Amino acid sequence: MAPIPQPHVPRIITYYQTHHHPDSSPLAGQHISVLPLLTQPGISLTHLILAAIHINEDPSALTLNDHAPSHARFTTLWAELRVLQASGIKVLGMLGGAAKGSFTRLDVLSSSPSPDLVAQFEEYYAPLACLIRERNLDGLDLDVEEEMTLPGIIHLIDRLKSDFGPSFIITLAPVASALISAEHNLSGFDYSALELLRGSKIDWYNCQFYCGWGDCSNPLMYEFIVNQKGWKREKVVVGLVTNPENGSGWVPWEVLGNVLPVMVGRDERFGGVMGWEYFNSLPGGRERPWEWAGVMTGLVRGRGRERGTGSTEGEDKVKGKNGNGNGNGKPGSGLGGVVEADPDDDDDDGDEPAVNSGTTKDGKKESISLAAVPVPESFEYYSDGATSDREEN
């Protein structure tokens, strides 16, 4: 008897890049626990992505952020991740990011590469495969933010599936604009071509709707990706920055609390949300970063509506106790108030996706096309606690 198909459930994903409190904190150097994602009520996290794995010039010097994965500083981290896995949360590793070199070293340029190129791939790939096996990772997120060839990424995906089996999760993390145009891209290859050739081996895409590469203050860009460009909704995960400190493009709660229900409500195949990153996620901030996952659970799973309350628990949290929509107990625009999550688009010819829209001072509507979005510069973030350990993403 064939297994009964499981209904699609929107994913709730957090990236776990900063593992220790920064030097400026009273808790400097102490481990940032992810166990509250299990122990706190109202959270239905589905995946945690551990960042960032780097392949360095020395093939044997694989690092998790700035240290070897076996370093004693990660002892608690690995133990907690095993607890998450035992509780049903899938744990993936993130390879790459803005630190260059990992994918260049794994790039096989053609279907018939030279022996030297094959040997180079094997030399750099072996420690990565060893880490996946040793830590029993459920999958790998390929965050390609450097030039890589299409044959190169295909070769890597094929090898991962061959080595770890069909249940091994493979995701990619393109900027959202890369799903619209290959010209607005950080990875070198065309994601549409990759999906056509290897879509069956890619579970979903963690799309970065921030830092100038996308916009989630309204659903227009997301809808263009899934409706006009034809991407499957269940494979497009909406990526958000969880705090303005983590990069530009943070969407205020009174706006996001209106936008996500629109995205979810239009199709039950909504792929889910991911947040960059865990350690300082709002609304709880550094003291209670797990609250972000709780709010997302309410917004994309609609627990409140299931009980017939007319709103989700996530919307209630965003509104605050007085329900005014700004979550801080002060007068403000409420959900369904002056913030319009799904504005009409005057330019509906489908030629240019609107990235952002609004009104000018004289009341006229304006729309910014994808072509007008400037290429953003890299931004800095703490890689793992110490102020001297900085990377760009």
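Quick note: structure is the one above.
So, here is what we can say about the structure in this document. Here the structure is a predicted model, which is why all the values come from computation and not from measurement.

### Side note on the overall build of the chain
For the chain, the count of helices and strands is 11 helices and 13 strands. Looking at the chain residue by residue over its 393 residues, the buried ones come to 54%. For the chain, the accessible area works out to roughly 17100 Å², and carbon and sulfur atoms hold 50% of it.

### Re the nonpolar core
One finds Leu142, Ile153 and Met296 to be the most contacted residues of the largest nonpolar core, which totals 103 residues. Those residues in contact with Met296 that sit more than four places away from it in its chain are Ile12, Leu240, Trp253, Leu256, Leu260, Val273 and Arg301.

### Observations concerning the packing of aromatic side chains
One pass over the structure, following the stated rule, counts eight aromatic pairs. Here Phe121 and Tyr125 contribute two aromatic rings whose centre-to-centre distance is 5.1 Å and whose plane-to-plane angle is 15 degrees, an arrangement assigned as stacked. Remark: Tyr125 and Phe121 occur in helix α4 (residues 115–134); sequence separation between them is four residues, near one turn of the helix. For the pair Phe121 and Tyr125, a shared accessibility class is recorded, and that class is buried. On the basis of an interplanar angle of 65 degrees and a centroid distance of 5.8 Å, the ring pair of Tyr222 and Phe270 is categorised as edge-to-face. Linking Tyr222 in helix α7 (residues 220–228) with Phe270 in the loop between α8 (253–266) and β9 (272–276), this pair joins segments that are 48 residues apart in sequence. Judged by its relative accessible area of 0%, Tyr222 is buried. Residue classification places Phe270 among the buried positions, given a relative accessible area of 0%. The structure contains a cluster of three or more aromatic residues connected by ring pairs, namely Phe189, Tyr191, Tyr205 and Trp231. The ring of Phe74 is capped by Arg73, whose NZ or CZ atom sits 5.8 Å from the centre of that ring.

### A few points about unusual backbone geometry
Of note, the amide linkage connecting Ala51 to Ala52 takes the cis form, showing an omega dihedral of -5 degrees. If you trace the backbone, Ala52 turns up in strand β2 (residues 47–54). Following Trp276, the chain continues into Glu277 via a peptide bond in cis, with omega recorded as 0 degrees. Along the chain, Glu277 falls in the loop between β9 and α9 (291–301).

### Some thoughts on α7
The element α7 is largely enclosed, with a buried count of seven among its nine residues. The complete set of buried residues in α7 reads Leu220, Met221, Tyr222, Glu223, Phe224, Ile225 and Val226. Phi for Gly230, located one or two positions after α7, is positive at around 85 degrees.

### Digging into α9
α9 sits mainly inside the fold: nine of its 11 residues count as buried. Two residues or fewer past α9, Gly302 is found with a positive phi of approximately 60 degrees.

### Quick look at the pattern of salt bridges
For the structure on display, the rule yields 11 salt bridges. Where Asp163 meets Arg159, a salt bridge forms, and the shortest distance between an N and an O atom there is 2.9 Å. Linking Asp163 with Arg159, this pair stays in helix α5 (residues 150–164), spanning four residues, or about one helical turn. With a closest N to O distance of 3.8 Å, Arg233 and Asp267 form a salt bridge. You can see Arg233 sitting in the loop between α7 and β8 (236–241) and its partner Asp267 sitting in the loop between α8 and β9, a full 34 residues away along the chain. Each member of the pair, Arg233 as well as Asp267, carries the same accessibility label: buried.

How each quantity is defined
- Residues numbered from 1 in each chain as written.
- Predicted model: local features only at pLDDT ≥ 70, side-chain atom pairs only at ≥ 80, totals over all residues.
- Heavy atoms only, no water.
- Helix = DSSP H or I, 4+ residues; strand = E, 2+ residues; numbered from the N terminus.
- Buried < 20%, exposed > 50% of the residue type's maximum accessible area, 1.4 Å probe, protein only.
- Areas by Shrake-Rupley, 256 points an atom, 1.4 Å probe, with all protein chains shown as cover.
- Core = buried A, V, L, I, M, F, W, Y, C linked by side-chain atoms within 4.5 Å.
- Contact = heavy atoms within 4.5 Å.
- Phe/Tyr/Trp six-rings, centres within 6.5 Å; stacked < 30°, edge-to-face > 60°.
- Lys NZ or Arg CZ within 6 Å of the ring centre and 35° of its normal.
- Salt bridge = Lys/Arg side-chain N within 4 Å of Asp/Glu carboxyl O.

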